[in-house]
Amino acid sequence: MSDGWSRSRVRVDARLLEATLLNLRKRIAAIPLVFDVPGADEVSAERAKLLSQIDDYLLPRVRQSAAPILVALVGSTGAGKSTLINSIVGTQVSLTGVRRPTTNSPVLACHPDDIGWFAENMFLPTLPRVRQEGLARPGRDGLLVLAACEGMTKGVALLDTPDIDSVVRAHYDFAYQFLDASDLWLFMTSASRYADAPVWEILQHARERGAALGTVLSRVPPSHRAELADHFNAMLDANGITPGERFVIPETGIVDGMLPRDVFQPIRDWLTDTAQRADRRVAVLSQTMAGVLDTFKTRVPRLAAHVDAQVVLRARLRREAEAAYVGALHEFDSGTRGAQLLRGEVLARWEDYADSGDLGAALRGKRPVRRGRRARRGTSSTRVSALDAALRTALQALVVSVADRAAEHVTRVWRADAAGFALLAAAEASRARGEQAKQEFETAFGTYPSAGAAQRAAASSLDRSASDLTARVTRAVSAWQDQLMRLVQSENLLKRSGGATYETEPLSLVTLVAMLGEDASATAGAGANANAYAKDTGGGADGGEDGGIVTIPADLLASAFGPVESRQLVDRARADLVDRVRLLLDEELLRFVEVLDGAGPVDPVAAVRLYQAEYSLESAR
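Let me sum up the structure you'll find in this document. Here the structure is a predicted model, which is why all the values come from computation and not from measurement.

Our next topic: helix 19 (residues 563–598). Compared with an ideal rise of 1.5 Å per residue, which puts 36 residues at 52 Å, helix 19 spans 52 Å between its outermost C-alpha atoms and is within 8% of the ideal. Along its length, helix 19 reaches its greatest deviation from straightness, about 25°, at Arg 591. Positive phi shows up at Gly 600, right after helix 19, with a value of about 130°.

We now examine the sheet that holds strand 2 (residues 107–110). Pairing is mixed across the open sheet formed by eight strands, whose spatial order is 3-4-2-5-1-6-7-8. Looking at which strands have only one partner, the edges of the open sheet turn out to be strand 3 (129–131) and strand 8 (245–250). On average, adjacent strands in this sheet sit at an angle of 20° to one another, irrespective of strand direction. Across the sheet, helix 7 (residues 225–238) touches strand 6 (184–190), strand 7 (212–220) and strand 8, and the angle it forms with strand 7 is around 150°. In this fold helix 8 (residues 261–276) packs onto strand 1 (69–75), strand 5 (156–160), strand 6, strand 7 and strand 8, with an angle of close to 155° to the strand it touches most, strand 8.

Right, let's get into the layout of surface pockets. Empty space within the second largest pocket amounts to approximately 610 Å³. If you trace the second largest pocket, you find 20 residues lining it, with Glu 46, Lys 49, Tyr 176, Asp 180 and His 205 closest to the centre. Of the residues that constitute the lining of the second largest pocket, the class distribution is four nonpolar, five polar and eleven charged.

To continue, consider the pairing of strand 7. The buried fraction of strand 7 is high, at eight of nine residues. Direction of pairing for strand 6 relative to strand 7: parallel, over a ladder of seven bridges. The partner of Thr 189 across the bridge, within strand 7, is Leu 217. Between the parallel pair strand 6 and strand 7, the chain is carried across by helix 6 (residues 197–209), and the sense of this crossover is right-handed. Sheet analysis places strand 7 next to strand 8, joined by five bridges and oriented parallel. In the sheet register, Gly 214 faces strand 8, and the bridge partner there is Glu 245.

Any two side chains of opposite charge can pair if their charged atoms end up close together. Here the structure, examined in full by the defined rule, presents 40 salt bridges. Of the charged contacts in the structure, one is a salt bridge between Glu 331 and Arg 405, with a shortest N-O distance of 2.3 Å. Taken together, the positions of Glu 331 in helix 9 (residues 278–335) and Arg 405 in helix 12 (residues 382–415) put the pair 74 residues apart, joining distant regions of the chain. For Arg 405, a relative accessible area of 26% puts it in the partly exposed group. Taking the shortest distance from any N to any O, the salt bridge between Arg 392 and Asp 388 comes out at 2.2 Å. One end of the pair, Arg 392, and the other, Asp 388, are both in helix 12, four residues apart, so they sit about a helical turn from each other. With respect to burial, Arg 392 and Asp 388 carry one shared label: buried. What emerges from the salt-bridge pattern is a single network uniting Asp 333, Arg 337, Glu 518, Arg 567, Asp 571 and Arg 574.

Below, the discussion takes up the environment of Thr 298. With respect to the helices and strands, the residue Thr 298 is situated in helix 9. Relative accessible area serves as the criterion here: at 46%, Thr 298 is assigned to the partly exposed category. Sequence separation between Thr 298 and Glu 614 is 316 residues; the distance between their C-alpha atoms is 9.8 Å.

A few words now on the packing of aromatic side chains. By the definition in use, this model includes six aromatic pairs. With a centroid separation of 6.3 Å and an interplanar angle of 45°, the aromatic rings of Tyr 325 and Phe 592 are classed as tilted. Of this pair, Tyr 325 sits in helix 9 while Phe 592 sits in helix 19, and the two are 267 residues apart along the sequence. Phe 592 shares its class with Tyr 325; the two are buried. Considering the side-chain rings of Trp 414 and Phe 592, the 5.5 Å spacing of their centres and the 80° angle between planes classify their relative orientation as edge-to-face. Within this pair, whereas Trp 414 is found in helix 12, its partner Phe 592 is found in helix 19, the two being separated by 178 residues in sequence. Assessed through its relative accessible area of 0%, Phe 592 is described here as buried. Three or more aromatic residues link up through ring pairs in this structure, and these residues are Tyr 194, Trp 200 and Phe 232. A cation sits over an aromatic face here: Arg 209 above Tyr 57, 5.4 Å from the ring centre.

By the criterion of burial, strand 1 is predominantly enclosed, with seven of the seven residues buried. The alternating pattern of strand 1 places Ile 69, Val 71, Leu 73 and Gly 75 on one face and Leu 70, Ala 72 and Val 74 on the opposite face, and all of these are buried. When strand 1 meets strand 5, the two strands line up parallel, connected through five bridges. Each residue of the ladder has a partner; that of Ile 69, found in strand 5, is Val 156. With five bridges connecting them, strand 1 and strand 6 associate as parallel partners. Considered in strand 6, the bridge of Val 74 is made with Phe 187.

The rules behind each value
Residues numbered from 1 in each chain as written. Predicted model: local features only at pLDDT ≥ 70, side-chain atom pairs only at ≥ 80, totals over all residues. Heavy atoms only, no water. Helix = DSSP H or I, 4+ residues; strand = E, 2+ residues; numbered from the N terminus. Expected span 1.5 Å × (residues − 1). Bend = angle between axes of the 7 residues up to and from the residue. Pairing = 2+ DSSP bridges. Axes fitted to C-alpha atoms, helices over the stretch in contact; angles between N-to-C directions. Contact = heavy atoms within 4.5 Å. 1 Å grid on protein atoms, 1.4 Å probe; cavity = no way out; pocket = protein on both sides within 12 Å on 5 of 7 lines; lining within 4 Å. Points joined across faces, edges and corners; volume = space filled by probe spheres on them. Nonpolar A, V, L, I, M, F, W, Y, C, P; charged D, E, K, R; others polar. Buried < 20%, exposed > 50% of the residue type's maximum accessible area, 1.4 Å probe, protein only. Right-handed = clockwise from strand over helix to strand, strands pointing away. Salt bridge = Lys/Arg side-chain N within 4 Å of Asp/Glu carboxyl O. Phe/Tyr/Trp six-rings, centres within 6.5 Å; stacked < 30°, edge-to-face > 60°. Lys NZ or Arg CZ within 6 Å of the ring centre and 35° of its normal.

Next comes the structure, spelled out in structure tokens:
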């Protein structure tokens, strides 16, 4: 009897093959699939299939090559699979009928001496099973029924799988799981259904998997036997499917649920011959195992490519967020030049202070020098306090505005990508739940005012900066002004030997105004990413009429400390302010980094490990 399974075979080291399979399994299980990139669902399903094939078939077969051959009888509804199994076994072990039971409980028939292999967790280790004597009635879904029968040939087992055209998706998936765990497929379809799409879908799967295959065309009218068999064989050949053996079962009477012996005996003999002849057994096992391993050559690299795409996506989202906040810092630096903040309330308070004569008096040394921290109330004039408050408010508003625009830019860019959109949606939903829980807890204890849905949504949104940013900016700007006063006081003391000294607070305000009036061209040479961000958000200096508020403070500062010293003082003050704002923006950036980290870890070398594990497996073969 021709088997069509002859192929060149080489001996392999089973222990080495097992080790490489375990290593590949470890790498596949560890790959990060955290972002919703195109094809993510398909890749997740493919990973599950690869792990299932390694666990359910490859490892058990490598570890126990002498175990019984498992023949999966697969086919469509009404093909007569259960009747054929009962006939081959010689007793009823599986329920028969044109309409299949709705439960998902396949039956495995084998010789009593072989039942141990299938009862233990070496075969389909995650699948629950039960032994049953006599007619195996369906149990709960997902339960494998084991039927030990003396009529079965030793060394071979028959598995009656769920129908491939079942309307229950779980039955369909379960059938494929058993197929991937089998050594030999015996595909069975009827003369009325052999052209149906599900038939060829499963046959193509067998071809792609390289499985050892036999076919049975059943319920064939004797008057059309040659015509139907030839047509079915022609379709097989046209689709590149080459079964080891092709059987035909004519339409015939059923006696006590059994086929006539002369109808099923050729199939029984073929199975017995496959189990007992060493060369045929080795051929079947070699073809099916090699077929599975051959598919890994393309499937594992596709998985690795998807892992690479995850790494690239995370890096791109991170770069986009970082570029936005680098651009925000550039926008802040630009906004503190060219007199852009020396307008409106600041300009009015400066003119009021300068015109009053208080500034001139302070710079002529009419009052004693104040040391230590600057006084905000009571120790300085109302005009000084008003100018100080206006400058502080302008700086704070600038920081918050650039941070808001950076957050808006990041969320807009991320939402343009499906994965980024999903990340933001999940993060904001989580933040909203946390905010609501916090408010409910604190409201219950009278420590938190009741907030509506709109307020909770605003607090959880990433479209704007953090709700506590204004308070943090207030502290940072206040601390910077204190440091500015110390810088001015230090510079002032150095001038004491020259005779004249000046009040620290007014002179620090003059320094701040002079810094804000610097030429905007001093920011030239900023990075390309920052410039792109500034263009996107509309940031950058625009010059404008400055009046005396630009020239007078710079001249007063140069007169007080000298041109070089005054320039150095302003540079130090600006550098300190930019550093403090950078820290604030870095804290804002961390919100988006936490979103990325919250999705899960992404190993940048996971793809490389997959490639290496597949290469090691091929070498072991």
